[in-house]
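Notes for the structure review
The lines below spell out each chain.
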Amino acid sequence: KFQKQMLTIAAAGALTAVTALPAMAFENEFHGLFNFNTVFSNYNNGTSGNFAPNGLKDKAQMNNYFEQRARLQYTAKASDDLKLVTQFEINNRWGKTVGAIDPNTGKPIDLGGNDLDADGLNIVTKHVYLDFNIGKSFNAKVGIQPYKDTIKGIFIDADAPMMLTTAKMGAYTAQVGFSRYNDLGGLNITGGGTVERIGDRNTDLFVFDNIFAINKDTKAALSYYFLADYAGATDRKSVV
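Residues numbered from 1 in each chain as written. Predicted model: local features only at pLDDT ≥ 70, side-chain atom pairs only at ≥ 80, totals over all residues. Heavy atoms only, no water.

1. Some details on the overall build of the protein
Selection criterion: Comment: elements are numbered from the N terminus, with helices defined as DSSP H or I runs of at least four residues and strands as E runs of at least two. Residue exposure (1.4 Å probe, protein chains only): buried if accessible area is under 20% of the type maximum, exposed if over 50%, otherwise partly exposed. Using the Shrake-Rupley algorithm and a 1.4 Å probe, accessible areas are obtained, with residue cover drawn only from the displayed protein chains.
Secondary structure summary: the protein contains one helix and 11 strands in total. Burial statistics for the protein: of 240 residues in total, 22% are counted as buried. As presented, the protein carries roughly 16,900 Å² of accessible surface, and 59% of it is formed by carbon and sulfur atoms.

Structure representation (structure tokens):
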């Protein structure tokens, strides 16, 4: 009888704990865009629309290409202080076969879905990061996210795997970040049946931004960016 009473009390306690927890409701946000671009030009002839001096035809004849881009963004917002941001991208240049060279056939592997039937796989990750606040003055973003330096993107303006923290104190804002955007560990680069340890051949970026808002139209910034490139290190270790 005592055991039955204890089980009843335990069950009632568990039920009370469950009912006391508020249901976490996520706000779901969906965004997207579609762009189409066609270029007719006698100088815009390189990869990604760049100028290639050696690619000009006789008498600078005109060339053309067609490209499209779609972006799909989903944000799961748990509260004003916590959200998950994701964005995916589908890029196509009509007729272009996207992919590496197949070593068996010597031909490109079609991954883009840009030819007839368009049945290739072409969706890439643009953003996946967690955005959260600690208090009213501290924010952190962890994951693949957009980052632009304080000198109008001259040094870096890209989507990067990054940890970025922002602290605001009145008119002063401090940003401290770390990004590892290259890691060759685990690749059989040295040959001989060995692979390199993960974390031995990296390229790391350390970010420290100091921003002071003089007024609503004027800001002063002092930034320090440290690039640590170990990708070409010769004293690395290898494991079987």
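What follows continues from the structure just given.
2. Brief notes about the confidence of the model for the protein
Applied cut-off: Scored between 0 and 100, pLDDT is the confidence that the predictor attaches to each residue. Note on contacts: a residue pair is in contact if any heavy atoms of the two residues lie within 4.5 Å.
Here the protein averages 79 in pLDDT, and 67% of its residues register 70 or above. Between the elements of the protein, mean pLDDT differs from a low of 44, seen in strand S11 (residues 238-239), to a high of 96, seen in strand S5 (residues 138-148). Counting interchain partners and residues more than four positions distant, the pLDDT-below-50 stretch residues 6-12 has zero contacts. Every residue in residues 236-240 scores below 50 in pLDDT, and together they form 15 contacts with partners more than four places removed in sequence or on other chains.

3. Brief notes about the nonpolar core
As a rule of thumb, nonpolar side chains are buried together in soluble globular proteins. Quick reminder of the rule: For the purposes of this section, nonpolar cores are sets of buried Ala, Val, Leu, Ile, Met, Phe, Trp, Tyr and Cys residues that join through side-chain atoms within 4.5 Å.
Counting seven residues, the largest nonpolar core consists of Tyr147, Ile156, Met162, Leu164, Leu205, Val207 and Tyr225. For this core, the secondary-structure elements that each account for two or more residues are strand S6 (157-169) and strand S9 (202-213). The contact partners of Tyr225, leaving out residues within four places of it in the chain, are Tyr147, Asp149, Thr150, Phe155, Leu205, Phe206, Val207 and Asp209.

4. Describing the sheet that holds S9
Inclusion rule: Strand pairing follows a simple DSSP-based rule, namely that at least 2 bridges must link the two strands. Angles run from 0 to 180 degrees between N-to-C directions of axes, and those axes are lines fitted to C-alpha atoms, restricted for helices to the stretch in contact.
Taken in spatial order, the nine strands line up as S1-S2-S3-S4-S5-S6-S7-S9-S10 in an open sheet, and their pairing is antiparallel. Every other strand in the sheet has two partners, leaving strand S1 (27-41) and strand S10 (219-229) as the edge strands with one partner each. Mean inter-strand twist for the sheet, computed between neighbouring axes without regard to direction, equals 15°. Note: strand S2 (residues 63-79) against strand S3 (residues 82-93), 12 bridges, orientation antiparallel. Within S3, the position partnered with Arg69 by the bridge is Asn91.

5. Looking at the pairing of S2
In the sheet, S1 pairs with S2 via 15 bridges, with the strands oriented antiparallel. Pairing of Leu33 across the sheet is with Arg71, part of S2. Linking S2 back to S3 in an antiparallel pair, the connection comprises two residues.

6. What about the packing of aromatic side chains?
Put simply, the rule is: Aromatic contacts are taken between Phe, Tyr and Trp rings whose centres are within 6.5 Å, Trp giving its six-membered ring; a plane angle under 30 degrees counts as stacked, one over 60 as edge-to-face, and the others as tilted.
A complete count under the given rule lists seven aromatic pairs for this structure. Pairing Phe66 with Trp94 gives two aromatic rings, centres 5.4 Å apart and planes at 25°, and the pair type is stacked. Here Phe66 is found in strand S2, whereas its partner Trp94 is found in the loop between S3 and strand S4 (124-134), with 28 residues between them in sequence. Here the aromatic rings of Phe155 and Tyr225 are separated by 5.5 Å at their centres, their planes lie at 15°, and the arrangement is stacked. Highlighted residues: Phe155 in the loop between S5 and S6 and Tyr225 in strand S10, separated in sequence by 70 residues.

7. Some thoughts on the side chain of Thr173
Among the secondary structure elements, Thr173 is positioned in strand S7 (residues 172-183). Setting aside residues no more than four positions away along its own chain, Thr173 makes contact with Thr166, Ala167, Lys168, Asp209, Asn210 and Ile211.

8. Points about the pattern of salt bridges
Threshold: For this document, the term salt bridge refers to a Lys or Arg side-chain nitrogen within 4 Å of an Asp or Glu carboxyl oxygen.
Per the counting criterion, the structure on display carries six salt bridges. The shortest N-O distance in the salt bridge between Asp131 and Lys141 comes to 3.9 Å. A residue pair is termed long-range when its members are at least 10 positions apart, and Asp131 in strand S4 and Lys141 in strand S5 qualify at 10 residues. Taking the relative accessible area as the measure of exposure, Asp131 reaches 10% and is therefore buried.

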